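# Summary of structural features
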Amino acid sequence: MVQEQVFLADIKSLQSKGVVSPNSKLRNLNPFIDRYVLLRVEGLLSNSDLPYVNKHPAILPGNHNLTVQIIAHFHRKNLHTGASSLLHYVREKFWPLNCRSFCRKVVHKCRVCFISRPLVTSQLMGNLPRDRVVPDYPFNCSVGSPSSCNLSIPTHIGSKNSRLSSQKGDVDGLMGQQFHGEGTEAAVLNWFNDQPTAFIADGIRNFHKQ
């Protein structure tokens, strides 16, 4: 039996002490021995409704011919799937040590996968448009005006006495503007009173001055 050949010390430690040695490779898997004297992973799915072999997959040594044959079997059974999917299918019933690296080796050495591997093509990139490579003032490429303008939610700022501020009309606020042009984006944060149209116009004029 493969487990007795490779994990004999761990099996004896589990039978005598109930735990593996602190220096064992299996200490992080929390292994146990089932009624068929097989090493299985305790895992986190003991309370699930999955089958027993899925809740507690059998532990397999990494560098062993049987492990490679099992991984190759799952690779062929699942239509020559990739390494990541192959790892998932194998771990449904078995838990080989260093399984990820062995799945990659099996896929890499598979003759069918090598023959059917598609060639990666590269496409030449065209020249960038002039507006992307030549510095210019904001929105000059869109006939002197932005193509769109977004406004943020206004944040009102007033005096401590809300009654006095509402009577005197000195309630101000902050509002952000974001302008979009052809290849140009800009943002500004300005004060405003009760004239949103003038506020937007001032923002556009300020950007043209920059």
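Just above, that's the structure.
Quick look at the structure, then. Since this is a predicted model, take the numbers as computed values, not measurements. (Residues numbered from 1 in each chain as written. Predicted model: local features only at pLDDT ≥ 70, side-chain atom pairs only at ≥ 80, totals over all residues. Heavy atoms only, no water.)

Our next topic: helix 2 (residues 8–17). Among all positions in helix 2, only Asp10, Ile11, Ser13 and Leu14 are buried. One face of helix 2 carries all of its buried residues, which in axial projection span an arc of 165°. Across helix 2 from its buried face, at more than 90 degrees, point the exposed residues Ala9, Lys12, Gln15 and Ser16. Against helix 1 (2–6), strand 1 (31–33) and strand 2 (39–41) lie the buried residues of helix 2. Of the residues flanking the end of helix 2, it is Gly18, one or two places downstream, whose phi is positive at about 90°. (Buried < 20%, exposed > 50% of the residue type's maximum accessible area, 1.4 Å probe, protein only. Helix = DSSP H or I, 4+ residues; strand = E, 2+ residues; numbered from the N terminus. Arc of directions from axis to C-beta. Contact = heavy atoms within 4.5 Å.)

By the definition in use, this model includes one salt bridge. Between Asp34 and Arg40 there is a salt bridge, and its shortest N-O distance comes to 2.9 Å. The pair Asp34 / Arg40 is uniform in exposure class, with both members buried. (Salt bridge = Lys/Arg side-chain N within 4 Å of Asp/Glu carboxyl O.)

This paragraph deals with the packing of helix 4 (residues 65–77) against helix 6 (residues 99–109). Taken N-terminus to C-terminus, the directions of helix 4 and helix 6 make an angle of 60°; their axes are 10 Å apart at the nearest point. Classified by the angle their axes make, helix 4 and helix 6 are oblique. Where helix 4 crosses over helix 6, the two elements pack in a sense that is right-handed. Residue-level contacts link Val68, Ile71, Ala72 and His75 of helix 4 to Cys99, Phe102, Cys103, Val106 and Val107 of helix 6. (Axes fitted to C-alpha atoms, helices over the stretch in contact; angles between N-to-C directions. Parallel < 35°, antiparallel > 145°, perpendicular 65-115°, else oblique. Left-handed = near helix turned anticlockwise from the far one by under 90°.)

Ile71, Phe74, Leu86, Val90, Cys99 and Cys103 are the most contacted members of the largest nonpolar core, which totals 13 residues. Elements supplying a minimum of two residues to this core: helix 4, helix 5 (83–90) and helix 6. Considering every element that reaches this core, the biggest residue donor is helix 6, with five residues. Not counting residues up to four positions away in its chain, the partners in contact with Ile71 are Leu86, Val90, Cys99, Phe102, Cys103 and Val106. One finds Ile11, Leu26, Ile59 and Leu97 within the second-largest nonpolar core, a separate group that totals 10 residues. (Core = buried A, V, L, I, M, F, W, Y, C linked by side-chain atoms within 4.5 Å.)

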